[in-house]
Each structure stands twice: as C-alpha cells, then as structure tokens.
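Single-letter residue listing:
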Amino acid sequence: MKNSKFINTARRNPAYRDTSGLYDIYLKSERNRLENLNRAKAHLKAVMVFPNYYGVAMSNLGFLRAYELINRSGFMSCDRAFMQDDLSKGVISLETRRRLKDYDFIFFSLSYENDFVNILSILSAEKIPFLSKDRNSGFPIIMAGGVIAFLNPEPVAPLFDLMFIGEAEAIFPDFFEKIKSQNEPDKYEIINSSAGIKGIYVPSAYDFIFDSKNPYILSEIKNTKGFPKRAVRRWTDENLSFSSSVITTEFSELSNINMIEIERGCKRGCRFCSAGFIYLPLRESKIDAVNDAVSATGENEKAGFVGFGTMDGKNIAKIMRFSLDSGKNFSLSSVRFDCLDENNLDMIKESGIKTVTLGIETGSERLKKMLNKVLSNENIITSVGDIVKRGITGIKLYFMFGLPHEEKDDLDDTLKLVKEILKEFISVSKANKRIGKLTASFSPFVPKAWTPLQWENFEDLKILRRKAAYIANGLRNMPNLDVNINSLNAAFMEAFFARGSRLSTDILIYSFLNKTSIKKAAEDKGYRMDGFIRKIGIGELLPWDVIDQGVTKKYLLKEYKRALDLKTTPQCFEGCKRCGVCA
Ligand code: SF4
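Residues numbered from 1 in each chain as written. Predicted model: local features only at pLDDT ≥ 70, side-chain atom pairs only at ≥ 80, totals over all residues. Heavy atoms only, no water.

Q: So what's going on with the overall build of the chain? Residues and values would help.
A: Counting secondary structure elements, the chain contains 20 helices and 21 strands. Its C-alpha radius of gyration of 24 Å places the chain within 12% of the 25 Å reference for a compact globule of 583 residues. Along the first, second and third principal axes, the C-alpha atoms of the chain reach 70 × 60 × 55 Å. A burial count over the chain gives 58% of its 583 residues as buried. Accessible surface for the chain amounts to roughly 24500 Å². Of this, 50% is attributable to carbon and sulfur atoms. In the chain, 85 side chains carry a positive charge and 72 a negative one; their mean positions are 2 Å apart. (Helix = DSSP H or I, 4+ residues; strand = E, 2+ residues; numbered from the N terminus. Rg over C-alpha atoms; globule rule 2.2 N^0.38 Å. Buried < 20%, exposed > 50% of the residue type's maximum accessible area, 1.4 Å probe, protein only. Areas by Shrake-Rupley, 256 points an atom, 1.4 Å probe, with all protein chains shown as cover. Lys, Arg positive; Asp, Glu negative; His and termini not counted. Charge placed at Lys NZ, Arg CZ, Asp CG, Glu CD.)

Okay, structure coming up:
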C-alpha cells in the first residue's frame, strides 16, 4: 500500500529517526478542522494515546472523535501520542512534546487486541507501573475506551483506572461534569465517583474468582459495595452519532480521506461479527450533517463514507449523488452485494473507485446459514460481473476459514466459488479489453465476545495450517488472482485475548517483562494455551458478563442454537424487541 510504504520510508530515514523530527513532518502535513479552540483556557491536560503508529491511528475515526470531544470540552486540552520506534527517551505527545507522565489524564484508544503489548511498552517507557492498584495519586488517571475496551475489557482491565463502556458522545458529558469543577483533579475522588456514571467501569472494584479445580472457568464476579453489579453500555441517539475526520493527513493509511460516519450499528445480525452486536441499534447520521461534512472535504481529499454496512442506509444514494454533484469523489468502507443496484454501481464508477472490497466469508451454503449471511453464490458471481463491466478492475474478496463445524466440502465450495468468480472476472474484463486483479484474502475465524458464536473454539493451529495449505494449493497459479492467507499466529493471539480474562493480563505482563512469547509465558505460569481458545460451556460465567451490552445473553444463546440448526434470522425491523437493545 502506497501510504504504508511512505510512512515506513519516513520512519526509516535516519533524519527522522528522532521522534520529534518525525512529528514535525506529521504536523506539517495535517489539515486540521478543529477551529476556534482556546486551548490556553483549559486548566486540565489530557493526552489520547493510540497504541500503534501514527499512520494507523490517523485512520481511526473513534480515536479522532474522542480527541475532538475532549478538546471541545473547554476545560481540558487534549494532545495525541502514539507508539514510537524509539522509546528510550520516553513517550512524547505530537502537539506539545510533553511526556505522557506529565499529563493529568491519559486516554488509551483500543481498537485491536494485538496492540495490547504496545500499551505495556508505552507505560514502561514512561516508568508508569502497569497495574492501576500500583499507581498512587502522583500518576495521571489512566483510562481506556474504544471498541476493544467495551467488547471484553478483561485482558487489560487491571491496567486502567477507568474504562468507557460504549460511545464517547454519550458518556463524556457526564464524565466531564464530574471533573470540570476541580482545579487539581483528585484522582481517587474522580475514580470512585465516576462509578456512578452509566457507561463507566472501574475495574479495581471487581474481583474475578476462578474455579479452584479448573482455572479457565470463572466461578464468580464480585463487585465492591457501592459499585454496580455490571457496567452498562451507553450509546448515543441518532442526532449525536455523526462524526467525521477532524484531521486529515497524507501519512494516514487512509491518505487524505475525510472519513464521514454515515451510520453506526448494523441491522444484519451476522453471527461472527462483534461490532454488529455491540453497536446496536442501527442509527443513521442526518443527511444534512453528512452533506455538510462532504462540503468541508478539501480539494486534495476524498469523502470516505464509513459504516458497518455502508450501503445499507436509506440515504446512501442521495449522499453519493450529493458528493459527486459537489465535485468530491468518495470511497466506501464496505459494500454489500445486495445493495449494488445499477444506480449505485454507476455512482461508484463515476467516483473513480478502482477497487471494491466485498466480504463473502464462505462459499458453503450450509455455513452461510450458520453465519446468518446468506447471499447466493449466483448473485455474488453476477454482481462481480456487473462491477467489472463498469471498468472497476480491482476486486478484493474476504473469506474466513476454520469456521465452526467446517468440513472439507465447505472449503471445496469456497474454492469453487473463487474459481467461478475469477472466470467471470476474466471474461468480463476481456470484453472491456483490460484485465485487473482479483484478490482473495482468507482469515482464520476468531470467536469474539458478544456474538452468538462466542461459545465456539478457535480452530487447532495444526488443523488451520493444513486448511491454509489446502486453500493455497487449490488456488495456486491462477492467472489474475492474488491469494492472501492472513497470519495464523496473529489470529491465534487475537483469539487468546478476545475471550480472555484477568489471567490473560498476568500472562501478558509476564511475557513482556521476561521478553518471552505469550505461549511460553502461559506455560511458565502453569496454563495451557488451549484452555483460552477452547469451546466454552453454554452455562459458564463469562469474563465479559461484567458488562451489560443491552443485547442479552439469552438472545445470543438463542441465536447460537439457531446457528447450529442452520436457521437464519431476519434483520432488525420496526417494532422488534427481541435482543434487548430496543426498549
Ligand atoms: S431489538 Fe430488534 S431491532 Fe432492536 S437492535 Fe435488537 S434485533 Fe435490532
């Protein structure tokens, strides 16, 4: 990817090895839409930390949104900090080059489980004790938010004084109210009183007791008196859900794209997708607000429409039309086959989009029903033809393997589908006299908390390796087809943390301090890795039961049973109250 190369080249250049030098370049490149801020008036100082590099952080709308909201609070200024190549002199912020330990508040934005180790690198570089219980009032208040913080906070919960369970727009106003009046923030007063705010979780107020005979099984979650039994997720209403990039830069992985959130949540109910459940209900941004953000997109920028099922919204055609009529090209974060009518496809073409990305997951009709993502293979093949007919020559397809109850026949169905799509792709491309590239990416299935498939196991690595080889061999040497098989080890680590508990925190810290792998750390501490990726009993208490997401466990279980029976479930509808989210 051009921008990643650009970022890496800048990082490798000896002139920019020094973090401050690199940050000068980044700041110079930014187009900042956060105007009229009087940061000098703010008496408290916060820093938003993304535990990965600048380029990744700046393509994350949640990170930018929280940064914006804090800066707009009026009483608290907010800088940004990132993972750095050189941590020997500590971690500094982008804007003021202040060290993290010198802020009043440190907010971590968590988007990927595999970034957890970077949190430890950052805290260690700043000589900040890892565990909340080991930090006295001389240290900043350290908090975490973002999708991973409220999906299953437990593997990193003991590191934080507070965690935000849900959406920043909904929780921040009450939290800000709590601290606004304090000239010198009293750490313990803020932590304890915040527990009363819906959407805030104070991990130190909860004890997790594991079964004495089987350490992987949780027997009890005990809350300290005065703290709620469960931290309740909080979400915004439609009017508040809208956000867009307040800063754009060529050094972001989404170079110069003004990300515009056109919807939040997803009505489809795909059973493997955690975001599809923890952002319910579906809310659409107001069309006027979206159009204003499109108009604010700069000359050298594109409007990037962001959402879980970007083309699901009722206004998508109007939004795309407005963008084109305003002379702004757009991109779409995801495209659903069943939303690609002639009109939408023409607008995608008109916008100059060269590559369309489509999540297919599997070619097996049986497994599609289990996943509740039923698009017929015939329709998929026809849609690819329709896209290519319009001269869009790059198609990226995403599949999963290692799915629950997957058989050889299911993998064969997927391979057959890829070959049929490729045949259509080449035949239509030939008629166009221009053949592009079809890319098929395969990722191992990772069971995620708060999904109906959360009780299933992560596939044994040896079997996964065999399946990966089978896929690679089955699609070897095909013209115009690139096959990517994503890292099995990275997926294994994601699976270890995704349904982890406070045992995972111990293992993570031990692994960091002893510079050893997570697997070796787990073994040294007397655990087996398969205990963390196993199939979970449906009656078991789960570490993430400490959160009330709105979606009930009972509903997820019902959906799990329907998955096993290969029964599909219709999407959200007017008047539906089945999952617990809509009152
Ligand atoms: S209650 Fe029904 S409509 Fe509301 S989020 Fe749940 S499934 Fe969707």
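Q: Run through unusual backbone geometry, naming residues and quoting values.
A: Cis rather than trans, the peptide bond between Leu280 and Pro281 has omega equal to 0 degrees. In the Ramachandran plot, Arg97 falls in the positive-phi region, its phi being about 60 degrees despite a non-glycine side chain. By secondary structure assignment, the location of Arg97 is in the loop between strand S3 (76-82) and strand S4 (105-109). Arg97 gets classed as partly exposed once you look at its relative accessible area, which sits at 23%.

Q: Talk me through the packing of aromatic side chains; I want residue IDs and the actual numbers.
A: The geometry of two aromatic rings is summed up by the distance between their centres and the angle between their planes. Using the criterion set out here, one finds 29 aromatic pairs in the structure. Taking 6.0 Å as the distance between ring centres and 15 degrees as the angle between the ring planes, the aromatic pair formed by Phe107 and Phe164 counts as stacked. Taken together, the positions of Phe107 in strand S4 and Phe164 in strand S6 (residues 162-164) put the pair 57 residues apart, joining distant regions of the chain. Each of the two residues, Phe107 as well as Phe164, counts as buried. Linked through ring pairs, Tyr23, Tyr26, Phe50, Tyr54, Phe63, Phe82 and Phe251 together constitute an aromatic cluster. The side chain of Arg80 reaches across the aromatic face of Tyr67, ending 4.9 Å from its centre. Here the guanidinium or amino end of Arg98 rests over the ring plane of Tyr103, the centre of that ring lying 5.4 Å away. (Phe/Tyr/Trp six-rings, centres within 6.5 Å; stacked < 30°, edge-to-face > 60°. Lys NZ or Arg CZ within 6 Å of the ring centre and 35° of its normal.)

Q: Break down the sheet that holds strand S15 (residues 302-306) for me, with residues and values.
A: Strand pairing in a sheet relies on backbone hydrogen bonds, with the paired strands running either antiparallel or parallel. Spatial ordering of the open sheet is given by S12-S15-S16, a layout of three strands whose pairing is parallel. Looking at strand neighbours, the two that pair on one side only are strand S12 (257-261) and strand S16 (330-332), the edges of this open sheet. Neighbour to neighbour, the strand axes of the sheet diverge by 30 degrees on average, direction disregarded. Bridge count between S15 and S16: three bridges; the pairing is parallel. Considered in S16, the bridge of Phe305 is made with Leu332. (Pairing = 2+ DSSP bridges. Axes fitted to C-alpha atoms, helices over the stretch in contact; angles between N-to-C directions.)

Q: Describe helix H4 (residues 61-71), and please don't skip the residues or the numbers.
A: At 3.6 residues per turn, the α-helix brings residues three or four places apart onto the same side. With ten of eleven residues buried, H4 lies mostly within the body of the structure. Listed as buried for H4 are Leu61, Phe63, Leu64, Arg65, Ala66, Tyr67, Glu68, Leu69, Ile70 and Asn71. The N-cap residue of H4 is Asn60: its side-chain oxygen and the backbone nitrogen of Gly62 are 3.1 Å apart. (Polar contact = N/O pair within 3.5 Å; in protein donor to acceptor, adjacent residues only side chain to side chain.)

Q: Explain the domain arrangement of the chain to me, and be specific about the residues and the numbers.
A: When its domains are assigned, the chain resolves into domain 1 (2-223) and domain 2 (235-352). Taking the mean C-alpha position of each, domain 1 and domain 2 sit 26 Å from one another. With 30 residues of domain 1 at the interface, the matching set in domain 2 holds 31 residues. At the boundary of domain 1 with domain 2, total buried surface from both sides reaches about 2700 Å², with 62% on carbon and sulfur atoms. Three residues, Arg33, Leu61 and Glu167, lead the burial of domain 1 against domain 2; their summed loss comes to 26% of the area buried on that side. Where domain 1 touches domain 2, the interface holds five salt bridges. (Domains from an automatic or database assignment. Contact = heavy atoms within 4.5 Å. Buried area = accessible area lost by both parts, 1.4 Å probe. Salt bridge = Lys/Arg side-chain N within 4 Å of Asp/Glu carboxyl O.)

Q: I'd like to hear about helix H20 (residues 553-564), residue by residue, with values.
A: Taking 1.5 Å per residue, twelve residues should reach 16 Å; H20 reaches 17 Å between its end C-alpha atoms and fits that length. For H20, the secondary structure elements touched by its buried residues are helix H9 (275-278) and helix H13 (365-371). Note on H20: the residue one or two positions beyond its end, Leu566, has a positive phi of about 55 degrees. (Expected span 1.5 Å × (residues − 1).)

Q: Any details on the packing of H4 against helix H7 (residues 168-180)? Residues and values, ideally.
A: Two elements in contact, H4 and H7, have axes whose closest approach is 11 Å; the angle formed by their N-to-C orientations is 30 degrees. Considering the angle they form, H4 stands roughly parallel to H7. Helix-helix and strand crossings are classified by hand; for H4 and H7 the assignment is right-handed. The residues of H7 that touch H4, namely those facing Arg65, Ala66, Leu69 and Ile70, are Ala168, Glu169, Phe172 and Phe176. Broken down by class, the residue content of the contact of H4 with H7 amounts to six nonpolar, no polar and two charged. (Parallel < 35°, antiparallel > 145°, perpendicular 65-115°, else oblique. Left-handed = near helix turned anticlockwise from the far one by under 90°. Nonpolar A, V, L, I, M, F, W, Y, C, P; charged D, E, K, R; others polar.)

Q: Account for the pattern of salt bridges, naming residues and giving values.
A: Taken as a whole and judged by the stated rule, the model has 43 salt bridges. In this structure, the salt-bridge partner of Glu169 is Arg264, at a minimum N-O distance of 2.7 Å. Highlighted residues: Glu169 in helix H7 and Arg264 in strand S13 (residues 263-264), separated in sequence by 95 residues. In this structure, Glu350 and Arg321 form a salt bridge, with 3.1 Å as the shortest nitrogen-oxygen distance. With a gap of 29 residues between them, Glu350 in helix H12 (residues 342-350) and Arg321 in helix H11 (residues 316-325) connect regions that are remote in the sequence. Three or more residues joined by partner-sharing salt bridges are found here, namely Arg65, Glu68, Arg72, Glu167, Glu169, Glu261, Arg264 and Arg283.

Q: How would you sum up the sheet that holds strand S19 (residues 437-444)? Please name residues and give values.
A: Taken in spatial order, the four strands line up as S17-S18-S19-S20 in an open sheet, and their pairing is parallel. The open sheet has two edge strands with one neighbour each: strand S17 (355-361) and strand S20 (481-485). When the angles between neighbouring strand axes are averaged without regard to direction, this sheet yields 20 degrees. The sheet contact formed by S17 and strand S18 (residues 394-401) spans six bridges and is parallel. Paired with Thr357 across the bridge in S18 is Lys396. Contacting S18, S19 and S20, helix H16 (residues 461-474) runs over the sheet at an angle of about 150 degrees to S18.

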